[in-house]
Amino acid sequence: MTDTPLYTALLEHRQKNRASFHTPGHKNVPGALPPDLLSLDFTELPDTDSLFEAEGAILAAEQRAARLFGAKRTLFSAGGCTLCLQAMLYLAAPRGGTILFDRVLHRSVVHTMALLDITPVWILPRPTAGRGLPGRVDSRDVLSALREHPDAKAVFLTSPDYYGVLADIPAISAICREAGVPLLVDNAHGTHLAFLKKNLHPLFLGASATACSAHKTLPVLTGGAWLNLAEPSFVSDAKRAMALFGSTSPSYLVMASLDLARAWLEESGRAAFAALEDRVAAVRKLAARQGISAPEGDCDPVRLTLRTAEAGILGTDAAELLREHGVEPEYADAAQVVLIATPFNSESDFQRLETAIRALRPGKAIAEAAPALPALPPMLLTPRQALLSPAEELPLAAAVGRIAAETACPCPPGVPVVMPGEKITDEIADFLRGYGIFSLKVVK
Ligand SMILES: Cc1ncc(COP(=O)(O)O)c(C=O)c1O
């Protein structure tokens, strides 16, 4: 067995022995999951139940997870948070319609708009988290969008975002309840929020449904996620909604890891995350002494977003230096480095990270005047019409006046300036050129 490019790449990466500050949350360490999982890679059998017709062991495991999260119903996904998002949007808008969306969202959500023929109305975040970050959707903007669009079937938010920035879920969920529309939350990065010193999980704070990418921050195999439902009217159709989009061969290993993670959370979750909060706070303090700040306002206490540009270091350069010190971050852009820490990071991982942070040489803040985001362009086609149409890639000069077939989301600050179906204006083309983006896919 020599001609195995992917398997070989994985072995070679493992050989580097880097401290993992990225997903998955189990950090590939012995003890996070049973070593004999391979021997449990079964399929639907009389003994093992069937995910989309669950009435035995899978249903029992889902019920235990629902109890843990205080949900009316929790459903397993072996197809990532993406499957949960697809099902969640189907439950709110099975035959399409208007939904109010946070402009900062994952591409799987845009693709689901196309699948379900959903028309988005955008709510832009306000830049309340500091320079280089998208910020937060403000409850006042949700209220006015709901007043302007009384036909909206739901409000959809991403919280926490990739950088750990949290929206004001209690205020926004109260507004949604008052208006009689469900609040759907993409909680991909926040499954663990229920186990912190203060429960910050959006379901606990009032969301109607949350899509939770368990594998990102918990000891769960990649692809394991939970859809948590508080809205009673979503419950009866929820399995059908998951089955509409899911593979008929969900991995039993992934599902077993969800069950094991739930049991681990019950036994050890709170203590483990309390210790992690303290450890991450110590890293933040060290970073602050180097002039490296964290996002401002309410944030996930265990997400480490190092805003290195504030200390004169490009995030991408800082990430390279971390790698030289044996630390693999989750993500970097010009303004910051994002690290995902979980209870499965060892003390030696944190010490390596601290050594790397000490080695960052702070300088004068990279004070790039953040260019003002261009105005939202007009939507000429729905996401469905744009994404399912033939497309061609054009240089920006030729793309002006045409309809985008893809999202352009320069980082920082990570707010999409154009989405599929929207007109590419001169202003947008100029903005994209400023980020070194010179071509875009457009509808043919
Ligand atoms: C905000 C957000 N939502 C959804 C997803 C999709 O999650 P998954 O990869 O588990 O399908 C991601 C993945 O990175 C994400 O960052």
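Structure shown above.
Our subject in this report is the structure included herewith. Values in this document were obtained by computation on a predicted structure and should not be read as measured data. (Residues numbered from 1 in each chain as written. Predicted model: local features only at pLDDT ≥ 70, side-chain atom pairs only at ≥ 80, totals over all residues. Heavy atoms only, no water.)

## Focus: a nonpolar patch on the surface
Together, Leu40, Phe42 and Leu45 make up an exposed nonpolar region whose accessible area comes to about 260 Å². Inspection of the secondary structure puts Leu45 in the loop between β1 (19-21) and α2 (57-69). Classification of Leu45 as partly exposed rests on a relative accessible area of 39%. (Patch = residues over 30% accessible without salt bridge, like charges linked within 9 Å, V, L, I, M, F, W, Y side chains within 5 Å. Areas by Shrake-Rupley, 256 points an atom, 1.4 Å probe, with all protein chains shown as cover. Salt bridge = Lys/Arg side-chain N within 4 Å of Asp/Glu carboxyl O. Helix = DSSP H or I, 4+ residues; strand = E, 2+ residues; numbered from the N terminus. Buried < 20%, exposed > 50% of the residue type's maximum accessible area, 1.4 Å probe, protein only.)

## Examining α2
With 13 residues, α2 should reach 18 Å at 1.5 Å per residue; the first-to-last C-alpha distance of 19 Å fits that figure. Within the span of α2, buried status applies to Ile58, Ala61, Glu62, Ala65, Ala66 and Phe69. With its buried residues spanning 145° around the axis, α2 presents them on a single face. Buried residues along α2 sit in contact with β2 (73-77), β8 (225-229), α9 (238-245) and α10 (252-289). A positive phi of about 65° marks Gly70, the residue just after α2. (Expected span 1.5 Å × (residues − 1). Arc of directions from axis to C-beta. Contact = heavy atoms within 4.5 Å.)

## Comments concerning the layout of surface pockets
Counted as a void, the largest pocket has a volume near 1,100 Å³. Elements represented by at least two residues in the lining of the largest pocket include exactly α1 (5-16), β1 and α12 (347-359). Broken down by element, the lining of the largest pocket gets its largest block of residues, 5 residues, from α1. In this model, the second largest pocket occupies a volume close to 820 Å³. Taken together, 35 residues make up the lining of the second largest pocket; nearest its centre are Val104, Leu105, His106, Arg107 and Tyr162. Listing elements by their share of the lining of the second largest pocket, those giving two or more residues are α3 (80-92), α4 (107-116) and α7 (214-217). (1 Å grid on protein atoms, 1.4 Å probe; cavity = no way out; pocket = protein on both sides within 12 Å on 5 of 7 lines; lining within 4 Å. Points joined across faces, edges and corners; volume = space filled by probe spheres on them.)

## Quick notes on the pairing of strand β6 (residues 183-186)
Neither face of β6 is open: one carries Leu183 and Val185, the other Leu184 and Asp186, and all of them are buried. In this sheet, β6 lies alongside strand β5 (residues 155-158) in parallel orientation, the contact comprising 4 bridges. Looking across to β6, one finds that Leu157 is bridged to Val185. Handedness of the β5-helix α6 (residues 169-179)-β6 crossover: right-handed. (Pairing = 2+ DSSP bridges. Right-handed = clockwise from strand over helix to strand, strands pointing away.)

## Focus on α1
For α1, which comprises 12 residues, the first-to-last C-alpha distance of 17 Å matches the rise-based estimate of 16 Å (1.5 Å per residue) to within 8%. Little of α1 sits inside the fold, with 0 of its 12 residues counted as buried. Trailing α1 by a residue or two, Asn17 shows a phi angle of about 55°, which is positive.

## Structural notes on the sheet that holds β8
An order of β2-β8-β7-β6-β5-β3-β4 is seen for the 7 strands of this open sheet, with the pairing classed as mixed. Only two strands of the sheet have a single neighbouring strand rather than two, namely β2 and β4 (118-123). Neighbour-to-neighbour, the strand axes of the sheet open up by a mean angle of 20°, direction not taken into account. Pairing geometry for strand β3 (residues 97-102) and β4, over 6 bridges, is parallel. Following the sheet pairing, Asp102 is matched in β4 by Ile123. Together, β2 and β8 form the strand contacts of α2, whose direction differs from that of β2 by roughly 125°. Running over the sheet, α6 touches β5 and β6 and is turned about 145° from β6. (Axes fitted to C-alpha atoms, helices over the stretch in contact; angles between N-to-C directions.)

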